[in-house]
Amino acid sequence: MEHVSEDEKIILIEDDTVVQRLVETGITTMGLPFESYADPGEGVEAIRRERPALVILDIELPGFNGFEACRRIREFAGTELPIIFLTVKADTKSRLKGFNLGAVDYIPKPFDLKELIARIKVQMKGKRMVDELRREKLVLEMHDAARREMTDLLVHDLKTPLTNLGGTLAMIRTDPAFANSEYRRLIANSGSTAELMLLMLNDILDANQSDSDGKLMAANFELFDVQETIRTLHSILEPKMLAYGITQEISVDPELRRFNSDPSLLLRILMNIFANAIKVSAKGSQVSLHARVDGKNALFEIADRGPGIPEEELGRIFEKFVRLDNGISRRRGNGIGLYFCRLAAKALGGRVWAEGRDGGGSVFFLELPITSSK
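Reading guide: rules and limits
- Residues numbered from 1 in each chain as written.
- Predicted model: local features only at pLDDT ≥ 70, side-chain atom pairs only at ≥ 80, totals over all residues.
- Heavy atoms only, no water.
- Salt bridge = Lys/Arg side-chain N within 4 Å of Asp/Glu carboxyl O.
- Helix = DSSP H or I, 4+ residues; strand = E, 2+ residues; numbered from the N terminus.
- Buried < 20%, exposed > 50% of the residue type's maximum accessible area, 1.4 Å probe, protein only.
- Axes fitted to C-alpha atoms, helices over the stretch in contact; angles between N-to-C directions.
- Parallel < 35°, antiparallel > 145°, perpendicular 65-115°, else oblique.
- Left-handed = near helix turned anticlockwise from the far one by under 90°.
- Contact = heavy atoms within 4.5 Å.
- Nonpolar A, V, L, I, M, F, W, Y, C, P; charged D, E, K, R; others polar.

Visitor: How should I be thinking about the pattern of salt bridges in this particular structure?
Guide: Pairing of side chains with opposite charge becomes possible as their charged atoms draw close. Tallied over the full model, the rule gives 17 salt bridges. Linking E35 and K9 is a salt bridge whose minimum nitrogen-to-oxygen distance equals 2.8 Å. Pair noted here: E35 is in strand β2 (residues 34–37) and K9 is in the segment before β1 (10–13), with a separation of 26 residues, a long-range link. With its nearest N and O atoms 3.6 Å apart, the salt bridge here joins D58 to K109. Here K109 lies in the loop between β5 (105–108) and α5 (113–173) and D58 lies in the loop between β3 (54–57) and α3 (66–77), a separation of 51 residues in the sequence. Of the residues examined, K109 reaches a relative accessible area of 17% and is grouped as buried.

This is the structure we're talking about:
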């Protein structure tokens, strides 16, 4: 006999005692718990209370009919509970009404018990598969929630020492003992690295928060100087470019001097994309950033001469924890940066995407609405 769980109860609502006994005989041979009710009100309440694995309904019932019983059951059980109609009403109109109410099967009387058992087995097997998938989904969600919680704890623990480190480096830069230009350069590079790490930690926190509450990432809109944001980007990433031997080309359309958006989110989006471009670029190559007005939008383009991204991966790279393992980047990231960019761009009312570049490499585009420009 096929193994079944003891809690896979089947409930029959049927006022004909002969049919009750016949159905009970078939179901007990399957090893399944069974209950039957002649009164539809009592049957519906039992279903509400016990949440069976499957329901079998007659239509001609005292009190209210099986269609009404099906409707009431669907109100509290949703579409997950399989319902089979077992009735003498075999006309097409009744069948259609039953299926429209959410029935998974419709068996006319008189019926063959073997056929009824076979149909019940099909529905029970399908429900077990759905339940197993639901359990697996729940386990994955629990694991993801635990990972987010652990990540948040680690990020919070790391932010404090990094903040202290950045403050200490800023103080050291003003000390006359470090007046030597080489010392100042090294201290500045260390400060930029600490600031970049803090931005990365904030990306992880914001992405996790957006996942957990399902809301758009918070954005603080203000009128700001785009050139200033680009200068900040350059100052933070300059040590990284020098370390990797990467040159840059940056241009900002004069018409895009100031516009209304969130300068912090914009900086972090550009930071992620530009840093990724540096990662995939060969020593001596160039990464470019061009910002211009495109209709009613501000358009930022960051281009590299790296190995490029396969066309089938262009949309997937903005998903969470996606890291391309096919040799595209020799310096692998954490799979959060571009995912954060997608969330942040959406919070700003824009979008981000990537395309292949003629001659090799990739171009990343960030499009943001110019809601208020000067």
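After that view of the structure, there is still more to cover.
Visitor: Would you mind going over the packing of helix α2 (residues 40–50) against α3 with me for this structure?
Guide: The angle between the axes and the distance between the axes are what describe a pair of packed helices. Two elements in contact, α2 and α3, have axes whose closest approach is 10 Å; the angle formed by their N-to-C orientations is 20 degrees. The orientation of α2 with respect to α3, classified from their angle, is roughly parallel. Read as a crossing pair, α2 and α3 show a hand that is right-handed. Contacts between α2 and α3 involve V44, I47 and R48 on the former and, on the latter, A69, R72, I73 and F76. Residues that form the contact of α2 with α3 fall into these classes: 5 nonpolar, no polar and 2 charged.

Visitor: Would you mind showing me how to read the side chain of K127 here?
Guide: Mapped onto the fold, K127 is located in helix α5. Classification of K127 as buried rests on a relative accessible area of 17%. Here K127 is in contact with A53, E80 and P82, once residues within four sequence places are set aside.

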